[in-house]
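Observations on the three-dimensional arrangement
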Amino acid sequence: TQLLEQSPQFLSIQEGENLTVYCNSSSVFSSLQWYRQEPGEGPVLLVTVVTGGEVKKLKRLTFQFGDARKDSSLHITAAQPGDTGLYLCAGGYAGNNRKLIWGLGTSLAVNP
Amino acid sequence: EAGVTQFPSHSVIEKGQTVTLRCDPISGHDNLYWYRRVMGKEIKFLLHFVKESKQDESGMPNNRFLAERTGGTYSTLKVQPAELEDSGVYFCASSQAGSSYNEQFFGPGTRLTVL
């Protein structure tokens, strides 16, 4: 049973389009992290959201944490070929339990 | 500042053999984590060290896996004997002590193939 469901699993769009990736769970997390991974490399942290309803912006990327801290979304405006990659969400807990729970990822291809 | 490094980048072994993976965390990071991604599945937690102590090893698949972090610096993950289902990419990550939001920094991974 997967705790974090990401959708869509695959996305192929044209340069300039907007897109949204979703990360949903029935569990409450203390934090939700978004990573981006490129082939042959490890995940690279993009952002951490910790407060229900929180919105964070990173250039053309907008991240939102759901009010109940069970879901999150990543919106990319005017996608560029350089945005191509695997986007992963990971949920974290508070206290000494520091393991991250991962979604399967969304593989994004932005075509020129 | 050097990031998390892992060695080797790839390993191909036969079923029944032994393999040892190494992880060097970011200097000064007390927390070190091992994760594994099996093809078609999500990344899964294996274990967490705080310095040289195992804080949480609830994700270790079975007793064929042995992780160590002597001296609280680099860590090794030994698989003995390896089975076909152990194939996957093994990631190591590290984080600072007291980091509020558990932000972890990942190495490039070791791709293990068991034939």
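So, a few notes on the structure that sits alongside this text. (Residues numbered from 1 in each chain as written. Chains lettered and ligands numbered in written order. Predicted model: local features only at pLDDT ≥ 70, side-chain atom pairs only at ≥ 80, totals over all residues. Heavy atoms only, no water.)

Re the overall build of chain A
Counting secondary structure elements, chain A contains 0 helices and 11 strands. Of the regular secondary structure in chain A, the N- to C-terminal order runs β-β-β-β-β-β-β-β-β-β-β. The principal-axis extents of the C-alpha atoms in chain A amount to approximately 45 × 30 × 20 Å. Looking at chain A as a whole, 47% of its 112 residues are labelled buried. In chain A, the proportion of contacts linking residues at least 24 apart, taken out of those at least 6 apart, comes to 54%. Total accessible area on chain A stands at roughly 5,200 Å², and carbon and sulfur atoms take up 49% of it. Here chain A contributes 9 positively and 9 negatively charged side chains, and the mean placements of these two sets differ by 9 Å. (Helix = DSSP H or I, 4+ residues; strand = E, 2+ residues; numbered from the N terminus. Buried < 20%, exposed > 50% of the residue type's maximum accessible area, 1.4 Å probe, protein only. Contact = heavy atoms within 4.5 Å. Areas by Shrake-Rupley, 256 points an atom, 1.4 Å probe, with all protein chains shown as cover. Lys, Arg positive; Asp, Glu negative; His and termini not counted. Charge placed at Lys NZ, Arg CZ, Asp CG, Glu CD.)

Structural notes on the pairing of strand 11 (residues 106–111) of chain A
Residues and elements named next belong to chain A. The side-chain alternation of strand 11 yields one buried face, formed by Thr-106, Leu-108 and Val-110, and one unburied face, formed by Ser-107, Ala-109 and Asn-111. Pairing between strand 2 (residues 10–14) and strand 11: 5 bridges, direction parallel. Paired with Gln-14 across the two strands is Asn-111, which belongs to strand 11. (Pairing = 2+ DSSP bridges.)

A closer look at the pairing of strand 7 (residues 61–65) of chain A
All names here are of chain A. The buried count for strand 7 comes to 4 of 5 residues, which makes it a mostly enclosed element. The turn linking strand 6 (residues 55–58) back onto strand 7 is made up of 2 residues, and Lys-59 within it adopts a positive phi angle of 55 degrees. Between strand 7 and strand 8 (residues 71–76), which pair antiparallel and follow one another directly, the connecting turn spans 5 residues, one of which, Arg-69, has a positive phi of 60 degrees.

Topic: unusual backbone geometry
A cis geometry characterises the amide bond from Ser-7 of chain A onward to Pro-8 of chain A, with omega recorded as -10 degrees. With respect to the element layout, Pro-8 of chain A can be found in the loop between strand 1 (4–7) and strand 2. Omega for the bond connecting Phe-7 of chain B with Pro-8 of chain B falls within 30 degrees of zero, at -5 degrees, which places this linkage in the cis form. As for its placement among the helices and strands, Pro-8 of chain B is situated in the loop between strand 1 (5–7) and strand 2 (10–13). The phi angle at Arg-69 of chain A is positive, at roughly 60 degrees, despite the residue not being glycine. Relative to the elements of secondary structure, Arg-69 of chain A occurs in the loop between strand 7 and strand 8. Of note, Ala-78 of chain A is a non-glycine position whose phi angle comes to about 50 degrees, a positive value. As for its placement among the helices and strands, Ala-78 of chain A is situated in the loop between strand 8 and strand 9 (85–92).

Structural notes on the side chain of Asp-83 of chain A
Note on placement: Asp-83 of chain A falls in the loop between strand 8 and strand 9. Asp-83 of chain A has contacts with Arg-36, Arg-60, Ile-76, Leu-108 and Val-110 of chain A, leaving out every residue within four places of it along the chain.

Focus on the sheet that holds strand 1 of chain B
All names here are of chain B. With antiparallel pairing, the 4 strands of this open sheet are ordered in space as 1-3-8-7. For this open sheet the edge positions go to strand 1 and strand 7 (65–68), each flanked by a neighbour on one side alone. Strand-to-strand twist of the sheet, defined as the mean angle between neighbouring strand axes without regard to direction, takes the value 15 degrees. When strand 3 (residues 19–24) meets strand 8 (residues 75–79), the two strands line up antiparallel, connected through 5 bridges. (Axes fitted to C-alpha atoms, helices over the stretch in contact; angles between N-to-C directions.)

A word on the interface of chain B and chain A
Accessible area lost upon the coming together of the parts serves often as the stated size of an interface. Counting from both sides, the interface comprises 24 residues of chain B and, opposite them, 22 residues of chain A. Here chain B and chain A share an interface that buries about 1,800 Å² over both sides, 54% of which is from carbon and sulfur atoms. Across the chain B-chain A interface, the total number found is 1 salt bridge. Between Lys-99 of chain A and Asp-56 of chain B there is a salt bridge, and its shortest N-O distance comes to 3.9 Å. The tally of links between chain B and chain A comes to 7 residue pairs in polar contact (both at pLDDT 80 or more). Every element with two or more residues in the side of chain B that touches chain A is listed here: strand 4 (31–37), strand 5 (43–50), strand 6 (53–56) and strand 9 (88–95) of chain B. Broken down by element, the side of chain B that touches chain A gets its largest block of residues, 4 residues, from strand 4 of chain B. Among the residues making up the side of chain B that touches chain A, the classes are represented as 8 nonpolar, 11 polar and 5 charged. (Buried area = accessible area lost by both parts, 1.4 Å probe. Salt bridge = Lys/Arg side-chain N within 4 Å of Asp/Glu carboxyl O. Polar contact = N/O pair within 3.5 Å; in protein donor to acceptor, adjacent residues only side chain to side chain. Nonpolar A, V, L, I, M, F, W, Y, C, P; charged D, E, K, R; others polar.)

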